[in-house]
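The chain contents come next:
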Amino acid sequence: MPPARVLRATATAALLMAVTTAAATVLATSASAGTTLGASAAERGRYYGAAVAAGKLGDSTYVSILNREFNAITPENEMKWDATEPSQGSFNWSGGDRIVNHAQANGMRVRGHTLAWHSQQPGWAQNLSGSALRSAMVNHITQVATHYRGKIYAWDVVNEAFADGGGGGRRDSNLQRTGNDWIEVAFRTARAADPNAKLCYNDYNTDGINSKSTGIYNMVQDFKARGVPIDCVGFQSHLTNSAPSDYQANLQRFANLGVDVQITELDIAGSTQAGAYDAVTRACLAVSRCTGITVWGIRDSDSWRTGQNPLLFDSSGNKKAAYTSVLNALNSGPIISPSPSRPASPSPSSPASPSPSVSPAPGGCTATVSLQTWTGGFNATVRVTAGSTAIRSWSVRLTLPSGAVIVNTWNAAPSGTSGTVSFSNVSYNGQVSAGQYTEFGFQADGNGAAMSPTCTATS
Ligand code: G2I
């Protein structure tokens, strides 16, 4: 960000803390304080998500909060092994698809949860061991990640594989007993099935620097050194009263290994809940590779922690003090970029990022396309860069290669699926600061070939 922009964002944030809500609303039109969690996080280059249960998507209070406040969703149970493969080789996508469809219809990203876990396995998998279980795991990951290919921002590839209690080692489980390499096999399998999803390791009681988080740190360091594909680490953050004092330092040490970090299942019980939410939010904002926060449910009545009221909305759907604490903390952070796109760190097989040397005109924008192709299909990532002044909305027009048909689009709304197509911004990525960029993408059937996009914007 240019220095002037830093000063303006900092000054705006400072000013906002002192002005009334009415004044803040006026300032919001000039890309300052967000009035919802998702909008404010997006202004700071991050997402704010919630765990969602498909069975609640008919509850109007629930859905209105979800659609108003959040720009990311994690299925709470619907993508787990017992839900997606209830009998071996027979897959049930109903719950997961409902959630993905809701997310896509509302411009939200999806965190996939979870491909390999010792818990919530279907009975048939619990009864397997050795090479039969290993093969079943690989097939499961391949099938699920392929079904959702192009629709998942980040997958919790492996969940909760480390032991509690001091040693920093692995948890015993049927998966662990298939061999210590089961985690890296899971990550390599997921990468092959969905090359554009960020691949995360996710765990709990790892929210400070302790022997368990250090065990995971050592694994990530080893994976990076050996080229095992890992892009991110999830910190569940099921907390009571406070975050560990070294919460931010712990996030930062992982980020320094070259992975994104995400707060993936946040909920905080206890009387000092609001202050703890503030601390967690500020810690994420202070770590540039902390790409987003997900709370594990919407209302207290939706929480798995029955009776502990650990969430941001009360059981009637009213905002709690913890909500205000999070929104204020988000709004205090510098505006660093619009909502960033899917993979900020390209997979090893991805082409290099488009040249940043473009310098579009004031108020205008430029677009560049990078392609990832395979036999019979391709993914296109389109980077929209604002000129020397901020833009409020954008549209990119391009002509697809002959015969190509779009099957999925993320972070933009397409006008059609073949021929010449215009892509408009979605709710959270229309505003792009001067000189900054946002990215959208689409997946198509057909042969990938160079495309020449044109970009128009309003300022
Ligand atoms: O336990 C809290 C979370 C810890 N990290 C991994 C997450 O996946 C986990 O989520 C919870 C869900 O919030 C619960 O909703 O995972 C539980 C299972 O381990 C989920 O509970 C299960 C119940 O145990 C089942 O009896 C029930 O059928 O929810 C299922 C669907 O409602």
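Before reading further, recall that the structure is shown in the block above.
Residues numbered from 1 in each chain as written. Predicted model: local features only at pLDDT ≥ 70, side-chain atom pairs only at ≥ 80, totals over all residues. Heavy atoms only, no water.

Trainee: Help me understand helix H6 (residues 94–105) in this model?
Mentor: Every α-helix winds through 3.6 residues per turn, so residues three or four apart in the chain are directed the same way. Helix length check: H6, at 12 residues, gives a terminal C-alpha distance of 16 Å against a target of 16 Å (1.5 Å per residue), a fit within 8%. Those residues of H6 that sit buried are Gly95, Gly96, Ile99, Val100, His102 and Ala103. For H6, the buried positions fall inside an angular range of 160 degrees around the axis, keeping them on one side. Looking at the buried side of H6, the elements it contacts are strand S1 (47–52), helix H4 (60–69), strand S2 (72–75) and strand S3 (109–117). (Helix = DSSP H or I, 4+ residues; strand = E, 2+ residues; numbered from the N terminus. Expected span 1.5 Å × (residues − 1). Buried < 20%, exposed > 50% of the residue type's maximum accessible area, 1.4 Å probe, protein only. Arc of directions from axis to C-beta. Contact = heavy atoms within 4.5 Å.)

Trainee: Can you walk me through unusual backbone geometry in this structure?
Mentor: Of all residues except glycine, most have a negative phi; of all peptide bonds, most are trans. That bond from His113 to Thr114 is cis: its omega, 0 degrees, falls within 30 degrees of zero. As for its position among the elements, Thr114 is in strand S3. The backbone phi angle of Gln120 is positive, close to 50 degrees, even though this residue is not glycine. Backbone geometry places Glu160, a non-glycine residue, at a positive phi of 55 degrees. Tracing the chain through its elements places Glu160 in the loop between strand S4 (154–159) and helix H9 (182–193).

Trainee: Even after reading the chapter, I still don't get the site of the ligand, so can you show me in this structure?
Mentor: Neighbouring residues of the ligand: 13 residues in total, closest Glu76, Lys80, His113, Glu160 and Glu265. The separation between an oxygen atom of the ligand and a polar side-chain atom of Asn77 is 2.9 Å. The residue makeup of the shell around the ligand, split by class, is 3 nonpolar, 6 polar and 4 charged. (Near = heavy atom within 4 Å. Polar contact = N/O pair within 3.5 Å; in protein donor to acceptor, adjacent residues only side chain to side chain. Nonpolar A, V, L, I, M, F, W, Y, C, P; charged D, E, K, R; others polar.)

Trainee: Looking at this structure, how should I read the sheet that holds strand S12 (residues 393–399)?
Mentor: Two orientations exist for strands paired in a sheet by backbone hydrogen bonds: parallel and antiparallel. Pairing within the open sheet is antiparallel, and its 4 strands lie in the order S14-S15-S12-S17. Of all the strands in the sheet, the pair left with one neighbour each is strand S14 (413–414) and strand S17 (454–458). Relative to strand S15 (residues 420–424), S12 runs antiparallel, the two sharing 5 bridges. Directly across from Thr399, in S15, lies its bridge partner Thr420. (Pairing = 2+ DSSP bridges.)

Trainee: Which parts of the structure should I look at to understand the nonpolar core?
Mentor: Nonpolar side chains in soluble globular proteins tend to be buried together. Counting 89 residues, the largest nonpolar core has Tyr48, Phe70, Trp155, Val158, Phe187, Leu266 and Leu312 as its most contacted members. In this view, Leu266 contacts Tyr48, Gln236, Ser237, Leu239, Tyr277, Val280, Ile293, Thr294, Val295, Trp296 and Leu311; residues no more than four positions away in its chain are not counted. Membership of the second largest hydrophobic core comes to 23 residues, among which are Leu398, Val421, Phe423 and Phe440. (Core = buried A, V, L, I, M, F, W, Y, C linked by side-chain atoms within 4.5 Å.)

Trainee: Before we go on, may I ask you to explain the packing of helix H11 (residues 247–255) against helix H12 (residues 273–286) in this structure?
Mentor: For any two helices packed against each other, one specifies the inter-axial angle together with the distance between the axes. Taken N-terminus to C-terminus, the directions of H11 and H12 make an angle of 30 degrees; their axes are 9 Å apart at the nearest point. It follows from the interaxial angle that H11 and H12 lie roughly parallel. As H11 packs across H12, the resulting crossing turns out to be right-handed. Where H11 approaches H12, its residues Tyr247, Gln248, Leu251 and Gln252 are matched on the opposing element by Val280, Ala283, Cys284 and Ala286. Partitioning the contact of H11 with H12 into residue classes produces 6 nonpolar, 2 polar and no charged. (Axes fitted to C-alpha atoms, helices over the stretch in contact; angles between N-to-C directions. Parallel < 35°, antiparallel > 145°, perpendicular 65-115°, else oblique. Left-handed = near helix turned anticlockwise from the far one by under 90°.)

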